Amino acid sequence: MPDFVLHCFGESGNSYKAALMLELCGVDWEPKFVPYFAGATQTGEWRASLNEMGEAPVLEHDGQTLSQSGVILDYLAEVTGKFGPASAQERREILRWTLFDNHKFTSYYATLRFLYGLKNTGETELTTWLRGRARAAYAVVDKHLAEDKWLVGGRPTIADFSLAGYAYYTEPSGMDRAAEFPHWDAWTRRLADLPGWKGPWDLMPVK
Ligand SMILES: N[C@@H](CCC(=O)N[C@@H](CS)C(=O)NCC(=O)O)C(=O)O
């Protein structure tokens with residue numbers, strides 16, 4: 001039995017945030033496939049035993065069950081001593097970017113990618129709106145990364161891993177992220193140069 005078990009699936013960028021952290025920390029971990037597209041997270045069993053919110057990822061460690069990628073990242077930084085804050089001010093900065101990520105940066109882009117890139121809805125009023133919101137969030141991050149190599153503290157932290165959840169998926173979204181947001185693009189390459197980095201498809205199982 002590995003020390004850490006991550007309930008996840010390959011298409012899930014929210015899961016990738018945690019998978020990347022586990023891998024970069026070099027801990028003993030194993031992914032456990034979630035049949036998300038068969039409705040696994042919507043079952044009463046999933047909600048009762050793993051996550052009442054009906055979402056992946058879920059991390060199991062040391063008798064604890066944790067959900068919300070931001071909480072999982074914070075927990076892993078605490079127990080491994082890696083990629084976490086070095087001061088109270090940094091802790092707040094990491095929290096600030098993680099909340100922005102969950103509310104806007106990941107959520108608008110991931111929903112757009114789910115509809116447009118995975119469900120192939122074509123262009124709809126909703127995808128147009130989501131793309132506008134995603135672009136606005138990417139512009140904020142791109143501007144920050146024009147001045148700083150990393151989101152917080154001049155070094156890679158869990159804030160970077162949170163915002164990197166959907167960076168390496170290539171399904172169409174109607175956005176050319178590398179061209180539109182060159183500082184974001186350079187940051188994705190800096191992250192990919194970290195020792196031990198792997199992309200989502202190399203860390204998490206698919207159907
Ligand atoms: N804020 C959550 C979002 C998790 C999330 O939305 N996960 C998706 C899979 S990538 C999910 O399980 N969605 C189920 C649903 O929204 O019903 C996190 O960061 O963990």
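Residues numbered from 1 in each chain as written. Predicted model: local features only at pLDDT ≥ 70, side-chain atom pairs only at ≥ 80, totals over all residues.

(A) View of the site of the ligand. The environment of the ligand is made up of S12, N14, T41, G54, E55, A56, P57, Q68, S69, G70 and N102. Residues belonging to the shell around the ligand are distributed by class as follows: 2 nonpolar, 8 polar and 1 charged. (Near = placed C-beta within 6 Å. Nonpolar A, V, L, I, M, F, W, Y, C, P; charged D, E, K, R; others polar.)

(B) Layout of the packing of helix 5 (residues 125-147) against helix 8 (residues 182-192). The interhelical angle for the contact between helix 5 and helix 8, taken along N-to-C directions, is 70°, at an axis separation of 7 Å. Looking at the two axes, helix 5 sits roughly perpendicular to helix 8. The handedness of the crossing between helix 5 and helix 8 is left-handed. Contact residues: helix 5 offers Y138, V141, D142, L145 and A146, while helix 8 offers H183, W184 and W187. Its residues assigned to classes, the contact of helix 5 with helix 8 comprises 6 nonpolar, 1 polar and 1 charged. (Axes fitted to C-alpha atoms, helices over the stretch in contact; angles between N-to-C directions. Helix = DSSP H or I, 4+ residues; strand = E, 2+ residues; numbered from the N terminus. Parallel < 35°, antiparallel > 145°, perpendicular 65-115°, else oblique. Left-handed = near helix turned anticlockwise from the far one by under 90°. Contact = placed C-beta atoms within 7 Å.)

(C) Broad picture of the nonpolar core. Membership of the largest hydrophobic core comes to 53 residues, with the highest contact counts inside it found for A19 and M21. Elements with a minimum of two residues in this core: strand 1 (4-8), helix 1 (13-25), strand 3 (58-61), helix 3 (69-80), helix 4 (88-118), helix 5, helix 6 (158-163) and helix 8. Examining the composition of this core, we find that 8 residues originate from one element, helix 4, more than from any other. Looking at this core, you find at least three residues from each of domain 1 (4-83 + 196-203) and domain 2 (88-192). Once you skip the residues sitting within four places of it in the chain, A19 turns out to touch L6, C8, P31, L203 and M204. (Core = buried A, V, L, I, M, F, W, Y, C linked by C-beta atoms within 7 Å. Buried ≥ 20, exposed ≤ 12 C-beta atoms within 10 Å, placed from the backbone. Domains from an automatic or database assignment.)

(D) Structural context of the domain arrangement of the protein chain. Under the domain assignment used here, the protein chain contains domain 1 (4-83 + 196-203) and domain 2 (88-192). Taken residue by residue, the interface counts 16 residues in domain 1 and 17 residues in domain 2. Elements with a contribution of two residues or more to the side of domain 1 that touches domain 2: helix 1 and helix 3. At 6 residues, the largest contribution of residues to the side of domain 1 that touches domain 2 is made by helix 1.

(E) Here's a closer look at the sheet that holds strand 1. The 4 strands are arranged 2-1-3-4 in an open sheet whose pairing can be described as mixed. Two strands close off the open sheet at either side, each with one partner strand: strand 2 (29-33) and strand 4 (64-67). Within this sheet the neighbouring strands show an average axis-to-axis angle of 20°, counted without direction. Relative to strand 4, strand 3 runs antiparallel, the two being bridged by 4 bridges. Its bridge partner being in strand 4, L59 is matched across the sheet by L66. Against the sheet, helix 1 touches strand 1, strand 2 and strand 3, its axis set at about 155° to strand 1. (Pairing = 2+ DSSP bridges.)

(F) Spotlight on helix 4. Roughly 55° is the biggest bend found in helix 4, and it falls at D101. Of all the positions in helix 4, only I94, W97, T98, D101, F105, T106, Y108, Y109, A110, L112, R113 and Y116 are classed as buried. Against helix 1, helix 3, helix 5 and helix 6 lie the buried residues of helix 4. Residue N120 follows helix 4 closely and has a positive phi angle near 50°. (Bend = angle between axes of the 7 residues up to and from the residue.)

(G) Quick peek at the environment of G39. Along the chain, the position of G39 falls in the loop between strand 2 and helix 2 (44-49). Taking the C-alpha atoms as reference, G39 lies 9.8 Å from G54; in sequence the two are 15 residues apart.

(H) Here's a closer look at the pairing of strand 3. Two elements, strand 1 and strand 3, share 4 bridges in a ladder whose sense is antiparallel. Bridging across to strand 3, L6 finds its partner in L59.

(I) Here's a closer look at unusual backbone geometry. In the segment running from A56 into P57, the intervening peptide bond is cis, with an omega of 10°. Mapped onto the secondary structure, P57 falls in the loop between helix 2 and strand 3. The phi angle at N120 is positive, at roughly 50°, despite the residue not being glycine. Note on placement: N120 falls in the loop between helix 4 and helix 5.

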